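Each chain is listed here by its residues.
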Amino acid sequence: MPATTDDLEATRLRIYALQDGAMRAQALAFCLRSGIFERLSSGPSTPDELGLAPRVAPALLAFLTSQGLAERDEQGRFRATPATEAFLVRSSPRFAGGRSLLFQGFHEQIGRLGEALRSGKPLTEAGQADLFGGFDDEDRRWFAEGMLANAISGAEHLLCEVDVAPFRRLLDVGGSSGGYTLALLEAHPSLEATIFDLPAMRPFAEERITEHGLGGRCHFVAGSFFDDPLPRGHDILLLANILHDWETPECRRILAACHDAIEPGGTIVVVEPMLTEDLTGPDHASVSGLTMAMLGGENRTQSRIGELLEEAGFGDVSRSAIGEQNSVVTARKAGGGS
């Protein structure tokens, strides 16, 4: 069926939104850093009360309102919407703003995306390691909060796809501040867990563990999955948003370490944005894949992840349905009386 005039017009406006996406992202980051969402959440406010300069206030407030992030009352004051309260106010348990600020942290690199797409290579030889190595303490906090935002919704999806009840001990490799682990522990009171990540992530993870009152069932072990042996004694191992950070040789090293560490008969769970087999989407995974192309990783299909797991010695590969944000592939290590 040929496209209608209305369809073409909608597509034209979608193209406009793609073209000015950097402006949208930077405006959102400004509102997060300046506390505007907290002020909108505290009650209806005038532009003056929000601390906005008169010349820019109309455009910014119109932008926020058109995006469903603010609403205007009959007195001409503005307040937060339920979505803003849930996802953009920093005190919210579902705060997703850290992810926005994470992208702002490599805004300059995004401007060079074309180089990576032309060459097929990451912008720097060290890839993701270059990014993480350049973080200061504040960058690490924003990164941890960004990963926590991903993990909160990702853990909800994971709990629907994987039955964690039969397992005793979870190893969350590269678990950051523990968003996945803490959700799984709260859903399964008999489960114990270890979060393994770089030493710089320890204070953020232990802060979250304490906040959730899970210090008796969860502890943090510092190390690098490239340089240090993974903790042993776990029958389920989680790789959440890890493999897509790295090129294939590094993924093979990570999976070899995982296979070596997990108990015989144990299950490995890979959860991250994955592409459809016919490369037609989904939207989030495709855009995330462009980020990975720039930084040195790769968003893969489920079948490709399954191949990497089998190369590492795992079997019984199982796939979930492709999700809008994340998808899940699981596999088992032989042994354990199975």
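Below you will find a few notes about this structure. Within each chain, residue numbers correspond to sequence positions counted from 1 in written order. Side-chain atom pairs in this predicted model are given and counted only at pLDDT of 80 or more, local residue features only at pLDDT of at least 70, and totals for whole chains, interfaces and linings cover all residues. Excluding hydrogens and water, the side-chain figures rest on all heavy atoms present in the structure.

### Let's talk about the overall build of the protein
We count a stretch as a helix when DSSP gives it H or I for four or more residues in a row; a strand needs E for two or more, and each element gets its number in order from the N terminus. If you tally the helices and strands in the protein, you get 15 helices and 9 strands. As a reference, a globule follows 2.2 Å times the number of residues to the power 0.38, and the radius of gyration itself is taken over C-alpha atoms. For 338 residues, the compact-globule estimate of 2.2 N^0.38 gives 20 Å, and the C-alpha radius of gyration of the protein, at 22 Å, lies within 12% of that figure. Dimensions of the protein along its principal axes, counting C-alpha atoms only, are 70 × 50 × 40 Å. The buried label goes to any residue with under 20% of its type's maximum accessible area, the exposed label to any with over 50%, and the partly exposed label to all in between, with areas taken from a 1.4 Å probe on protein chains only. In the protein, buried positions account for 46% of the 338 residues. It only takes one pair of heavy atoms within 4.5 Å for two residues to be counted as in contact. Sequence separation of 24 or more characterises 70% of the internal contacts of the protein that already satisfy a separation of 6 or more. The Shrake-Rupley method, run with a 1.4 Å probe sphere, supplies the accessible areas, and residue values consider only the shown protein chains as cover. Counting only carbon and sulfur atoms, one obtains 54% of the accessible surface of the protein, whose full area is about 16600 Å². Think of it this way: Lys and Arg go in the positive column, Asp and Glu in the negative one, and His and the chain ends go nowhere. For this purpose, a charge sits on NZ of Lys, CZ of Arg, CG of Asp or CD of Glu. Taking the average location of the 30 positive side-chain charges in the protein and that of its 48 negative ones, the two points are 2 Å from each other.

### Some details on empty space enclosed by the protein
Every definition here rests on a 1 Å grid over the protein atoms only: cavities are sets of points where a 1.4 Å probe fits but cannot get out, pockets are open sets enclosed by protein on both sides within 12 Å along at least five of seven lines, and lining residues have some atom within 4 Å of a point. Grid points are joined across faces, edges and corners, and a volume is the space filled by probe spheres set on the points. Inspection of the entire model under this criterion finds 2 cavities of 30 Å³ or more. Of the pockets and cavities examined, the second largest cavity occupies roughly 40 Å³. Taken together, Leu158, Val162, Val164, Leu170, Leu184, Ile236, Leu238 and Val269 form the lining of the second largest cavity. Residue type decides the class: Asp, Glu, Lys and Arg count as charged, Ala, Val, Leu, Ile, Met, Phe, Trp, Tyr, Cys and Pro as nonpolar, and the leftover types, Gly among them, as polar. Its residues assigned to classes, the lining of the second largest cavity shows 8 nonpolar, no polar and no charged.

### A look at the layout of surface pockets
Taken as a whole, the largest pocket encloses approximately 1800 Å³ of empty space. Where the lining of the largest pocket is concerned, the elements lending two or more residues are helix H1 (5–19), helix H2 (21–34), helix H5 (82–87), helix H6 (97–105), helix H7 (107–110), helix H10 (137–161) and helix H14 (283–295). The residue makeup of the lining of the largest pocket, split by class, is 21 nonpolar, 14 polar and 5 charged.

### Details of the sheet that holds strand S3 (residues 169–173)
Strand order in this open sheet of 7 strands is S5-S4-S3-S6-S7-S9-S8, and the pairing throughout is mixed. What marks the edges here is a single partner per strand, and that holds for strand S5 (218–222) and strand S8 (315–319). Recorded for the sheet is a direction-independent mean angle of 20° between the axes of neighbouring strands. Examined bridge by bridge, strand S6 (residues 236–240) and strand S7 (residues 267–272) share 5 bridges and lie parallel to one another. Looking at S7, one finds that Ala240 is bridged to Val271. Sheet strands touched by helix H12 (residues 202–211): strand S4 (192–197) and S5. Its angle to S5, the strand with the most contacts, is close to 180°. Note on definitions: angles span 0 to 180 degrees between N-to-C directions of axes, and those axes are lines fitted to C-alpha atoms, for helices only across the stretch in contact. With respect to the sheet, helix H13 (residues 248–261) is in contact with S3, S6 and S7, its orientation differing from that of S6 by roughly 160°. Two strands are counted as paired when DSSP detects at least two bridges linking them.

### A word on the environment of Met201
Inspection of the secondary structure puts Met201 in the loop between S4 and H12. Look at Met201 and you get buried, because its relative accessible area is 6%. In the structure, Met201 is positioned 27 residues away from Gly174 in sequence and 9.4 Å away in space, judged by C-alpha atoms.

### Some details on the pairing of S3
With respect to burial, S3 is a largely interior element, 4 of its 5 residues being buried. Across 5 bridges, S3 lies against S4 in parallel orientation. Residue pairing in the sheet places Arg169 in a bridge with Glu192 of S4. Viewed with both strands pointing away, a crossover whose connecting path from the first strand over the helix to the second turns clockwise is right-handed. In this region the chain leaves S3, passes through helix H11 (residues 179–187) and returns to the parallel neighbour S4; the handedness of that crossover is right-handed. The sheet contact formed by S3 and S6 spans 3 bridges and is parallel. Residue pairing in the sheet places Asp172 in a bridge with Leu238 of S6.

### Some thoughts on the packing of aromatic side chains
We call Phe, Tyr and Trp rings a pair once their centres come within 6.5 Å, taking the six-membered ring for Trp, and we label the pair stacked below 30 degrees between planes, edge-to-face above 60, and tilted otherwise. If you walk through the whole model with that rule in mind, you get 3 aromatic pairs. Both rings, one in Phe225 and one in Phe226, keep their centres 5.0 Å apart while their planes meet at 80°; by these two values the pair is edge-to-face. Classification of Phe226 as partly exposed rests on a relative accessible area of 21%. Considering the side-chain rings of Phe225 and Trp246, the 6.3 Å spacing of their centres and the 90° angle between planes classify their relative orientation as edge-to-face. Of the two residues, Phe225 is situated in the loop between S5 and S6 and Trp246 in the loop between S6 and H13; the sequence distance between them amounts to 21 residues. By relative accessible area, which is 15% here, Phe225 ends up buried. Put simply, the rings of Phe225, Phe226 and Trp246 touch in pairs and so form one group of aromatic residues.

### Observations regarding H13
How far a helix is expected to stretch is found by multiplying one less than its residue total by 1.5 Å. Taking 1.5 Å as the rise per residue, H13 with 14 residues should run 20 Å; its terminal C-alpha atoms sit 20 Å apart, in good agreement. Those residues of H13 lying buried are Thr248, Cys251, Ile254, Leu255, Cys258 and Ala261. An end-on view of H13 places all buried positions within 150° of arc, on one side of the element. The inward-facing, buried residues of H13 abut S3, S6, S7 and helix H15 (302–311). When we speak of the arc, we mean the arc of directions from the helix axis to the C-beta atoms.

Treat this as a map of the structure, not an account of what it does.
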